[in-house]
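# Architecture at a glance
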Amino acid sequence: TPPQSRYAAVHGTDYVFFAGHTSAPSQVAYCDTANVESWPVGNAIEVGRNDGTIITGLQRFGDTTAVFKESSIWLISGTTPADFGLNPTPSDIGCISPDSIVLTDAGIFFWSEAGPALFNGFKSNLLGKRLRSILSDQVDFSVPLRISAAYYPFKKQVLVSFQRAGQSAPDRMLLLDLYHL
């Protein structure tokens, strides 16, 4: 039986990664080779074990899997457990909203504590100082789990749904055009 988790990603062609269980907040569990019905207890990777933050999402990114935490991003590489490698990235921001993580042509879009950001496989870039100042009084950052995003590849646009302060549900949309990045 697979471990309880909130996030899943396919890694390579033979593995499924699960993460986000409260009893193991920094652990990524993986199945046996090409067997999603077998989840040995030892098949786990600890991601920043003592950094005080939890895993907030997973996203396959080329030959790697990006592991998002609240204030960092890590990359898991390799094709078998024998050569799985865990590497921190220079990104000094992480993801606070798991449903905002979407793969785009320009990298991985996500919502950080400082607003919308884009991870290019090496580091994260915040998307515009002016945009952050406009959104700071609009987005209710006390409910980050209500921020979600989707990517429209034909027009290279990210659509973000968010809740304003004082509202009980997401009531605004933000359209980000990545075409000119």
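For the structure, check the block above.
How each quantity is defined
Residues numbered from 1 in each chain as written. Predicted model: local features only at pLDDT ≥ 70, side-chain atom pairs only at ≥ 80, totals over all residues. Heavy atoms only, no water. Helix = DSSP H or I, 4+ residues; strand = E, 2+ residues; numbered from the N terminus. Buried < 20%, exposed > 50% of the residue type's maximum accessible area, 1.4 Å probe, protein only. Contact = heavy atoms within 4.5 Å. Areas by Shrake-Rupley, 256 points an atom, 1.4 Å probe, with all protein chains shown as cover. Lys, Arg positive; Asp, Glu negative; His and termini not counted. Charge placed at Lys NZ, Arg CZ, Asp CG, Glu CD. Patch = residues over 30% accessible without salt bridge, like charges linked within 9 Å, V, L, I, M, F, W, Y side chains within 5 Å. Salt bridge = Lys/Arg side-chain N within 4 Å of Asp/Glu carboxyl O. Pairing = 2+ DSSP bridges. Axes fitted to C-alpha atoms, helices over the stretch in contact; angles between N-to-C directions.

All right, on to the overall build of the chain then. Of the regular secondary structure elements, the chain holds 1 helix and 15 strands. Taking the principal axes of the C-alpha coordinates as reference, the chain spans close to 45 × 35 × 25 Å. Counting over 181 residues, the chain shows a buried share of 46%. Long-range contacts, defined as pairs at least 24 residues apart, comprise 38% of the intrachain contacts of the chain with a sequence gap of at least 6. When the accessible area of the chain is evaluated, it comes to approximately 9,500 Å², of which 52% is carbon and sulfur surface. Taking the average place of the 13 positive charges on the side chains of the chain and the average place of its 16 negative ones, the gap between the two points comes to 10 Å.

Looking now at a nonpolar patch on the surface. A contiguous nonpolar surface patch, about 290 Å² in accessible area, is contributed by Leu159, Met173 and Leu175. Following the sequence through the fold, Met173 ends up in strand E15 (residues 172-177). Its relative accessible area of 54% is what places Met173 among the exposed residues.

Neighbouring strands of a sheet are bound in pairs by backbone hydrogen bonds; such pairs are parallel or else antiparallel. Ordered by their spatial adjacency, 3 strands build an open sheet running E13-E14-E15, and the pairing between neighbours is antiparallel. Looking at which strands have only one partner, the edges of the open sheet turn out to be strand E13 (148-152) and E15. Along the sheet, successive strands turn relative to each other by an average axial angle of 20 degrees, direction set aside. Sheet analysis places E13 next to strand E14 (residues 157-162), joined by 5 bridges and oriented antiparallel. Looking across to E14, one finds that Tyr152 is bridged to Gln157.

For Ala34, which is not glycine, the phi torsion reads 50 degrees and is therefore positive. Looking at the element boundaries, Ala34 is found in the loop between strand E3 (24-30) and strand E4 (44-46). Given a relative accessible area of 59%, Ala34 falls into the exposed group. Even without being a glycine, Lys156 presents a positive backbone phi close to 55 degrees. Tracing the sequence through the fold places Lys156 in the loop between E13 and E14.

So, on to the sheet that holds strand E9 (residues 102-104). Taken in spatial order, the 4 strands of this open sheet run E9-E10-E11-E12, and their pairing is antiparallel. With one partner strand each, in any of the chains shown, E9 and strand E12 (124-126) form the two edges of the open sheet. The average angle at which neighbouring strand axes cross in this sheet is 35 degrees, direction not considered. Taken together, the 3 bridges between E9 and strand E10 (residues 107-112) define a ladder with antiparallel strand orientation. Each bridged residue has a counterpart across the sheet, and for Val102 the counterpart in E10 is Phe109.

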